[in-house]
Each structure stands twice: as structure tokens, then as C-alpha cells.
Amino acid sequence: LMEMLFTCTLLVSVGFLGMWMSNLTRRSMESEVSRLVLERFLPKEVVDRAYQKPAHTITEPRRMNVTIVVSDLRDFTMYAESVSPEHAFAHLNAIQSLLAATVDAHQGKVDKFLGDGMLAVFGMSGTEVDHARQGINAAFAMVSEAKKLALLTRTPIRLGVGVHSGPVMVGCIGMGRRVEFTVLGDTVNVASRLQEMTKEKGVEGLVSSESWSQMLHRKEEPTPS
């Protein structure tokens, strides 16, 4: 009888241990998947801090010097009205995906999509990086890639881009399940205004003197793609 009780107790213990290990493994996998998803949208350094001190990351905004790139598709609304909604969204997704990949290739992060526009940030790592050069090179590349896609798809894709460097406030806004990591400040507003001015000037991109000056303090020149 004692042996039977011991055997039953052992089996129950092993069963509970197995369930505990299974739950632990599942939580670990879910945590890693969540981390990988977050790293698609946020700088790795920010994700690291969020896992180490989540409350600090959300409640403590920071001031950083970065380069902002704002892009906008010219006359896309008019084009969208001439095709089906499915075609318009598929085309917009193709363009924005291409531009986002270009930003990522130049070590930037897409902060948000603004309909047929986009706001990207360079220099979010918090370390001393050449973010002005990264942003300017990304802007050159975005315009070039948009032209290539326009030729390939035979569609009227035209891009306007504004680039400006300066201080921004970095942090989370929102509450509950609706929380968004974003950047705020005049630097963002200036980049947006430069993008708007490309329409008036009849050019594809405008770079502020601040960004250009920061870039010139480095040895290499930006390389248009």
C-alpha cells in the first residue's frame, strides 16, 4: 500500500512538474515572439529597456537629438479614386513597404504611417551615430526606389521628402490597450513643413541646413542611390 501511495504521489508530482515546465516554456516563447514583434517597430535598445524596466520606459519620456524624414505620395488620393479600393490599398501597401524597407536598410525606424505619408526617425539608438547622414541617404534612396517602382508598375508614383535634424521628445502616449511610442517636437514639424514645401519648389526633396551641417562634420558625402 505504501509503495502504491508513493507511486501515485510521484506520478502526480511529475504531472504537475510537466504542466509547470510546459507553461514556463509557453510563456517564454510568447515573450520572445512579443519581443521580436516589438523590434519590428521600436529600436532594439528601447525594447531592451522595456523588458528590463517596463514602467520606466512608459512613464519616463526622454529628449534626444535625431533626424526626422517625412515623406508623402503626390496626388495619390486622385489616383486612388480612379481605381478600385482593393487595387488602391494593394498599391499603397507595396509603396509603403518598399519605403519602410529602405528606411530600415539605413538604420532608421518608421514611427508611423500617415495615410499615403510616412514619418521615420534616425538616431533612436541613444548612442552617438551619424543620423543626419543616415536620414539624408535614406531620403535619396526613397526617391530613387519610388521612381523605379513607378516605371515597373507604370503608375504615377511621385514622392516628396523633407529632412530635418534636431531635438525631439521620445516616449509613449495613450492609455490602456492603446499606447503608441512616438516622437514630438518642432523638429518633426520642420521636417513636415519641408516636405510640404517640395510641392511649392517643384522638387522631390528638401534637406534643412541643420541636417546638412551635421552631415558635413563627417568625412564621407551622402551617396544617392
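All values derive from a computational prediction rather than experimental measurement. (Residues numbered from 1 in each chain as written. Predicted model: local features only at pLDDT ≥ 70, side-chain atom pairs only at ≥ 80, totals over all residues. Heavy atoms only, no water.)

A.B. asks: Please explain helix α5 (residues 85–105) as it appears in this structure.
C.D. replies: Think of an α-helix as turning once every 3.6 residues; residues three or four places apart then point the same way. The end-to-end C-alpha separation of α5 is 30 Å, in line with the 30 Å expected for 21 residues at 1.5 Å each. Residues of α5 that are buried include every one of A88, H91, L92, I95, Q96, L99, A100, T102 and V103, and no others. With its buried residues spanning 165° around the axis, α5 presents them on a single face. Those residues of α5 that are exposed and angled more than 90 degrees off the buried face are E86 and A105. Remark: Q107 follows α5 within two positions and exhibits a positive phi of approximately 65°. (Helix = DSSP H or I, 4+ residues; strand = E, 2+ residues; numbered from the N terminus. Expected span 1.5 Å × (residues − 1). Buried < 20%, exposed > 50% of the residue type's maximum accessible area, 1.4 Å probe, protein only. Arc of directions from axis to C-beta.)

A.B. asks: When you look at the pairing of strand β3 (residues 117–122) in this model, what are you seeing that I'm missing?
C.D. replies: Look at any regular strand and the pattern is simple: side chains alternate between the two faces of the sheet. Counting buried positions along β3 gives six out of six residues, so the element sits mostly inside the fold. Judged from the six bridges that link them, strand β2 (residues 108–114) and β3 form a sheet pairing that is antiparallel. Note on β3: the bridge partner recorded for L114 is G117. In this antiparallel pair of consecutive strands, β2 and β3, the connection spans two residues, and G115 shows a positive phi of 70°. (Pairing = 2+ DSSP bridges.)

A.B. asks: What's the story with the packing of aromatic side chains in this structure? I'm lost.
C.D. replies: Two aromatic rings are characterised by how far apart their centres lie and by the angle between their planes. With the rule as written, the count across this model stands at one aromatic pair. A ring pair is formed by F76 and Y79, whose centres lie 5.8 Å apart and whose planes are at 50°; its orientation type is tilted. Taken together, the residues F76 and Y79, both in helix α4 (residues 76–80) and three residues apart, mark about one turn of the helix. Looking at Y79, the relative accessible area reads 14%, which means it is buried. (Phe/Tyr/Trp six-rings, centres within 6.5 Å; stacked < 30°, edge-to-face > 60°.)

A.B. asks: Sorry if this is basic, but what is going on with the pairing of strand β1 (residues 62–73) here?
C.D. replies: Most of β1 is tucked away: nine of the twelve residues are buried. Pairing between β1 and β3: six bridges, direction antiparallel. For V69, the partnering residue across the bridge sits in β3 and is A120.

A.B. asks: It is not clear to me how the packing of helix α6 (residues 131–153) against helix α8 (residues 209–216) should be interpreted in this structure. Could you clarify?
C.D. replies: Between two packed helices, both the angle of their axes relative to each other and the distance between the axes serve to describe the pair. Where α6 contacts α8, the two axes come as close as 8 Å, and the packing angle between them is 115°. When the axes of α6 and α8 are compared, the crossing they make is left-handed. Here H131, A132, R133 and I136 of α6 come into contact with α8, specifically with S211, W212, Q214 and M215. A per-class count over the contact of α6 with α8 returns four nonpolar, three polar and one charged. (Axes fitted to C-alpha atoms, helices over the stretch in contact; angles between N-to-C directions. Left-handed = near helix turned anticlockwise from the far one by under 90°. Contact = heavy atoms within 4.5 Å. Nonpolar A, V, L, I, M, F, W, Y, C, P; charged D, E, K, R; others polar.)

A.B. asks: Honestly, the side chain of T182 in this entry has me stumped. Any pointers?
C.D. replies: Following the sequence through the fold, T182 ends up in strand β5 (residues 178–184). Overall, T182 belongs to the buried group, its relative accessible area being 3%. For T182, the side chain forms a polar contact with the side chain of D111, separated by 3.2 Å. Beyond its immediate sequence surroundings of up to four residues, T182 is in contact with D111, K112, M169, V170, G171 and I173. (Polar contact = N/O pair within 3.5 Å; in protein donor to acceptor, adjacent residues only side chain to side chain.)

A.B. asks: So what exactly am I meant to see when it comes to the confidence of the model for the protein chain here?
C.D. replies: Any segment with low pLDDT has predicted coordinates that should not be analysed in fine detail. The share of residues in the protein chain with pLDDT of 70 or more is 66%, and the mean pLDDT across the chain is 79. Looking across the protein chain, the model is least confident in helix α3 (residues 54–59), with a mean pLDDT of 50, and most confident in strand β6 (residues 205–207), with 96. The model gives residues 32–37 a pLDDT under 50, and that stretch makes five contacts with residues more than four places away or in other chains. (pLDDT = per-residue confidence, 0-100.)

A.B. asks: Sorry if this is basic, but what is going on with unusual backbone geometry here?
C.D. replies: Note: most peptide bonds trans; most residues except glycine with negative phi. Phi at D75 takes a positive value of approximately 55°, unusual for a residue other than glycine. Among the structural elements, D75 can be located in the loop between β1 and α4. Residue class for D75 comes out partly exposed when judged on its relative accessible area of 48%. Notably, Q107 is not glycine yet its phi reads approximately 65°, a positive angle. Tracing the chain through its elements places Q107 in the loop between α5 and β2.

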